[in-house]
Amino acid sequence: MTAVPLSWYLILSAVLFSLGVAGFLFRRNLITMFMCIELMLNAVNLSMVAFSHKYEQIDGHIFTFFVMVVAAAEAAVGLAIILTVVKNRKTLAVDELNSMKY
Amino acid sequence: MDTLLFFTFAAIAVLCGISVVVQTHPIKSAISLIGVMGSLAVLYLLLGAEFIAATQVVVYAGAVMVLFIFVIMLLNAESEPKGGRSWPAKLMGIPLLVILLGLLSYVIQIWNPDPQEVSFGSFTGGGPREIGEALFTEYLLPFEVTSVLILVAILGAVVLAGGGGKESER
Amino acid sequence: MNFYLLSLIKAAVVAAALMTTLAYLQWVERKVIAHIQLRMGPYRVGPHGLLQPIADVIKLLTKEDLIPGHVNKLIYLMAPFLAVSLALISISIIPFGPEIDVFGIQTYMQLTDLNIGVLFLLAISSVSVYAIALAGWASNNKYALLGSLRAAAQMISYELPLGIALAAPLLMAGSLSLREIVDAQGGYFFGVIPNWFVFQLPAPQVFGFVIFLIAAFAETNRIPFDLPEAENELVAGFHTEYSSLKFASFFMAEYANMITITAITTTMFLGGWHPIFPVEYGSAFAPTAIFGLAGVMAAYHAMHTIRRRDRFTLPGVAVALLGIALLFLVPMVQTWLLPLFWFLAKTGSLLFLFIWVRGTMPRFRYDQLMRFAWTFLFPVSVVNLFATAFLVAVFGS
């Protein structure tokens, strides 16, 4: 074949998304869990760009742009929260961050 | 040529994705995530989304991941201790996952046979001019709201990570 | 001709020229700084120290290639490689000249033209932060980590004014592709003043040029912004634990970054390969005049030499310079050599400015550096962008 069917891009997006979910559920380090969230967001971006290619419209790209911007803002605030949590609880393992009372 | 590029960079993306999940040290996970983002940028180029590919590298791989790496270095994060899981889970987990994904892909392919193929150069409407026109005419409100969102995020991050204002000397 | 073969030949030519320029840029820097400090610089290795870069390369290659036991091997080995490859890759979209005709093959004097060229440059400069940050972290050494975190924070802080100062000429050019940006700077107004973006009405980019240059100093970690690799403060900054070829890679990466960013400045603000005054007033003879003058001066000095050996070498230098002057008169060579000469002249002047500032100014303290970026340079670049946008909207480009 000389070209790739569109569904393969969607399957790749599904694989990356499920890897992100698996990482989020199985890892215990707070920062690694956050990185798996970013992986999930990237997988969704890929499927949006793929659909934008299919329908020959620019709207998928615009949505992707907004997802990127929101992910950047979320990363900034999330990492600031993680810094504060670590400063107070002195641990990064989510198993030990299980009570609101300090 | 398109097929070769797609397979190479899809393989790199999946391998780096597995590496993000599997590695014990957060820095190695972060570097693998940068690999994922880079290979996704190439896949965006194959899909004709040149502006999004450049934005992915500048914003995601160049700013967000730098932030992650800074925080990991600041916190001096260490490798996760190896947790014990039951051996049937470890033995049957990965094959079952692969079978599930394969079944899902096959079913999706059968139900939505999409004959359209992606060839490099078939979609040329992804350049900066088209994105600019769409952003400033049809999607102007989300654009402005996102600017306010970023401002709020900057303020939040400065307040949270800057000590909360109690210990600041002015 | 086959597209792949042509690209391969162009890439090989540009890579070879760039690596040679890297090595001799170091020689030029040492000579210029030495003369600023009233001494001679490299003098003994070859005539006037011209073989000094080769001696340095041999020295660095034959040193013991030591990998300390406490480093993180994969990242430690990857970081200098990343630094050099990213520094060299930005040169691939810089236009050196117009479309030329070489042995019947029509090609642009540019490796490739992307229609998102400026975004590509910003992307490369964003990713090159990783090389420094990971190098310092992998070395497992507190001086290296501190130096690398400072360098990375400095680089990402100055990327903002760099990008925003770069956005203002784009408003006047109307395109992100570097070839079209250079084409928009051709022509002259009032018959004499070149149409470069620093001079082009309605919005002469003088402030943008200065902001971009200051941000360029910070991006390449040059004085006055070189605290992260300050020799007398942090041992050697982020390349403390590196030796031999890997250290040479970081060195090469710094000079390659300098060349790349001066080339970008020339392309965006100073008109790329366009001459400084129109062809009608004889700009085709300017390089001939310059090299001819240099050759005549060498010949004059060859007649009253002070040292005995100069009686044999100076006439040779004079003949070489006059030969180059005559080369610029050959019409077949003029089509590609003249634009290249103007491009190199402008880039070379900016590189001389970089070296001159290094020899002259003290370095900023780290908090002064960061405060300068966030409280002064960033707002000024935003005001510059607003002013340019207003002028372009009112008067049209």
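Thresholds, definitions, all that
- Throughout this document, residue positions are counted from 1 along each chain, in the order its sequence is written.
- Each chain is given a letter, starting from A, and each ligand a number, starting from 1, according to the order in which they appear as written.
- Local features in this predicted model are restricted to residues whose pLDDT is 70 or higher, and side-chain atom pairs enter the listing and the counts only when it is 80 or higher, whereas totals over whole chains, interfaces and linings include all residues.
- Going along the chain from the N terminus, every DSSP run of H or I of four or more residues is numbered as a helix, and every run of E of two or more is numbered as a strand.
- Three classes are used. A residue is buried when 20 or more other C-beta atoms lie within 10 Å of its own, exposed when 12 or fewer do, and partly exposed in between, with C-beta atoms placed from the backbone.
- A radius of gyration in this sense is built from C-alpha atoms; the matching globule rule multiplies 2.2 Å by the number of residues raised to 0.38.
- Fitted lines through C-alpha atoms give the axes, limited to the stretch in contact for helices. The angle between two N-to-C directions lies from 0 to 180 degrees.
- Each angle is binned into one of four classes, with values under 35 degrees roughly parallel, values over 145 roughly antiparallel, values of 65 to 115 roughly perpendicular, and all other values oblique.
- Helix crossings are classified by the rotation of the near helix relative to the far one: an anticlockwise turn of less than a right angle makes the crossing left-handed, while a clockwise turn makes it right-handed.
- Note that contacts rest on C-beta atoms placed from the backbone: two residues are in contact if these are within 7 Å.
- Under the convention adopted here, Pro, Cys and the residues Ala, Val, Leu, Ile, Met, Phe, Trp and Tyr are nonpolar, Asp, Glu, Lys and Arg are charged, and Gly plus all remaining residues are polar.
- To estimate how far a helix should reach, multiply one less than its number of residues by 1.5 Å.
- A strand pair is defined by DSSP finding two or more bridges across the two strands.
- In these notes, a nonpolar core means any group of buried Ala, Val, Leu, Ile, Met, Phe, Trp, Tyr and Cys residues linked to one another through C-beta atoms within 7 Å.
- Our arc is simply the arc of the directions from the helix axis toward the C-beta atoms.
- Values of pLDDT, which run from 0 to 100, indicate the predictor's confidence residue by residue.

Draft legend 1. Structural detail: the overall build of chain B. A tally of regular secondary structure across chain B gives six helices and one strand. Ordered by position in the sequence, the α and β elements of chain B form the string α-α-α-α-β-α-α. Across the 170 residues that make up chain B, the buried fraction comes to 31%.

Draft legend 2. Looking closely at the overall build of chain A. In terms of helices and strands, chain A carries three helices and one strand. In chain A, the order of α-helices and β-strands from amino to carboxyl end is β-α-α-α. Computed over the C-alpha atoms, the radius of gyration of chain A is 17 Å, more than 25% above the 13 Å expected from 2.2 N^0.38 for a compact globule of 102 residues. Referenced to the eigenvectors of the C-alpha coordinate spread, the extents of chain A come out at roughly 60 × 25 × 20 Å. The 102 residues of chain A split such that 46% are buried.

Draft legend 3. Summary view of the packing of helix H7 (residues 206-219) of chain C against helix H8 (residues 244-269) of chain C. Residue and element names in this part refer to chain C. Viewed as axis vectors pointing N to C, H7 and H8 meet at an angle of 165°, and their least axial separation amounts to 11 Å. Of the possible angle classes, the one that applies to H7 and H8 is roughly antiparallel. Between H7 and H8 lies a crossing of right-handed hand. Along the contact surface, H7 presents Gly208, Phe209, Phe212, Leu213, Ala216 and Glu219, while H8 presents Ile261, Thr265 and Phe269. Per-class residue counts for the contact of H7 with H8 are six nonpolar, two polar and one charged.

Draft legend 4. Up close: helix H2 (residues 26-46) of chain B. Residue and element names in this part refer to chain B. Over its 21 residues, H2 extends 30 Å from the first C-alpha to the last, a length consistent with the 30 Å expected when each residue adds 1.5 Å. Across the 21 residues that make up H2, a large majority, 16, are buried. At the exit of H2 stands glycine 48, carrying a positive phi of roughly 85°.

Draft legend 5. The interface of chain A and chain B, seen in detail. Across the contact, 53 residues belong to chain A and 64 residues belong to chain B. Elements with a minimum of two residues in the side of chain A that touches chain B: strand S1 (4-5), helix H1 (6-26), helix H2 (30-55) and helix H3 (59-89) of chain A. Broken down by element, the residue count for the side of chain A that touches chain B peaks at 21 residues, all from H3 of chain A. Considering only residue class, the side of chain A that touches chain B consists of 39 nonpolar, 10 polar and four charged. The pairing of S1 of chain A with strand S1 (residues 117-118) of chain B spans two bridges and is classified as antiparallel. From the neighbouring strand, valine 4 of chain A faces S1 of chain B, where its bridge partner is valine 118 of chain B.

Draft legend 6. Seen up close, the packing of H2 of chain B against helix H3 (residues 50-75) of chain B. Residues and elements named next belong to chain B. Close contact between H2 and H3 brings their axes to 9 Å; oriented N to C, the two are set at 175°. Between H2 and H3, the interaxial angle falls into the category roughly antiparallel. Taking contact as the criterion, the partners of Pro26, Ile27, Ala30, Leu33, Ile34, Met37, Gly38, Leu40, Ala41, Tyr44 and Leu45 in H2 are, on H3, Glu50, Ile52, Ala53, Gln56, Val57, Tyr60, Ala61, Met65, Phe68, Ile69 and Ile72. Grouping the constituent residues of the contact of H2 with H3 by class yields 19 nonpolar, two polar and one charged.

Draft legend 7. Quick look at the nonpolar core. Ranked by internal contacts, the top residues of the largest apolar core, which has 161 residues, are Ile31 of chain A, Ala30, Met65 and Phe68 of chain B together with Ala215 of chain C. Here this core gets 17 residues from one element, more than from any other, and that element is helix H4 (residues 117-138) of chain C. In this structure, alanine 215 of chain C is in contact with Tyr158, Pro161, Leu162, Ala165 and Leu377 of chain C, ignoring residues within four places of it in sequence. The next biggest cluster of nonpolar side chains, apart from the first, holds five residues, and it includes Phe291, Ala318, Leu321 and Phe328 of chain C.

Draft legend 8. Region of the structure containing the pairing of strand S1 (residues 97-102) of chain C. Note that S1 of chain C and strand S2 (residues 105-109) of chain C share five bridges and pair antiparallel. Among the inter-strand pairings, aspartate 101 of chain C is bridged to a residue of S2 of chain C, identified as glutamine 106 of chain C.

Draft legend 9. Fine view of helix H1 (residues 2-22) of chain B. Taking 1.5 Å as the rise per residue, H1 of chain B with 21 residues should run 30 Å; its terminal C-alpha atoms sit 30 Å apart, in good agreement. Three or more residues of H1 of chain B are buried, namely Phe6, Ala10, Ala13, Cys16, Gly17, Val20 and Val21 of chain B. Down the axis of H1 of chain B, the sector holding all buried residues measures 140°, keeping them to one side. Residues of H1 of chain B that are exposed and point over 90 degrees away from its buried face: Leu4, Phe7, Thr8 and Ala11 of chain B. Looking at the buried residues of H1 of chain B, the elements they touch are S1, H1 and H2 of chain A together with H2 of chain B.

Draft legend 10. Representation of the interface of chain B and chain C in the model. Taken together, the 14 residues of chain B in the interface contact 16 residues of chain C. If one sorts the elements of the side of chain B that touches chain C by residue count, H3 of chain B sits on top with 11 residues. The residue inventory of the side of chain B that touches chain C, partitioned by class, reads 11 nonpolar, two polar and one charged.

Draft legend 11. Inspection of unusual backbone geometry at higher detail. In this structure, proline 224 of chain C follows isoleucine 223 of chain C across a cis peptide bond, with omega equal to 10°. Of note, glutamate 56 of chain A is a non-glycine position whose phi angle comes to about 55°, a positive value. Relative to the assigned elements, glutamate 56 of chain A resides in the loop between H2 and H3. Residue classification places glutamate 56 of chain A among the exposed residues on the basis of 11 C-beta atoms within 10 Å. Look at leucine 38 of chain C: it is not a glycine, yet its phi comes out positive at around 60°. Mapped onto the elements, leucine 38 of chain C comes out in the loop between helix H1 (3-36) and helix H2 (52-62). On the basis of neighbour counts, which here come to 6 C-beta atoms within 10 Å, the residue leucine 38 of chain C falls in the exposed class.

Draft legend 12. Layout of the confidence of the model for chain A. When pLDDT is averaged along chain A, the result is 88, and 97% of the positions lie at 70 or above. No element of chain A has a lower mean pLDDT than S1 of chain A, which averages 82, and none a higher one than H2 of chain A, which averages 93.

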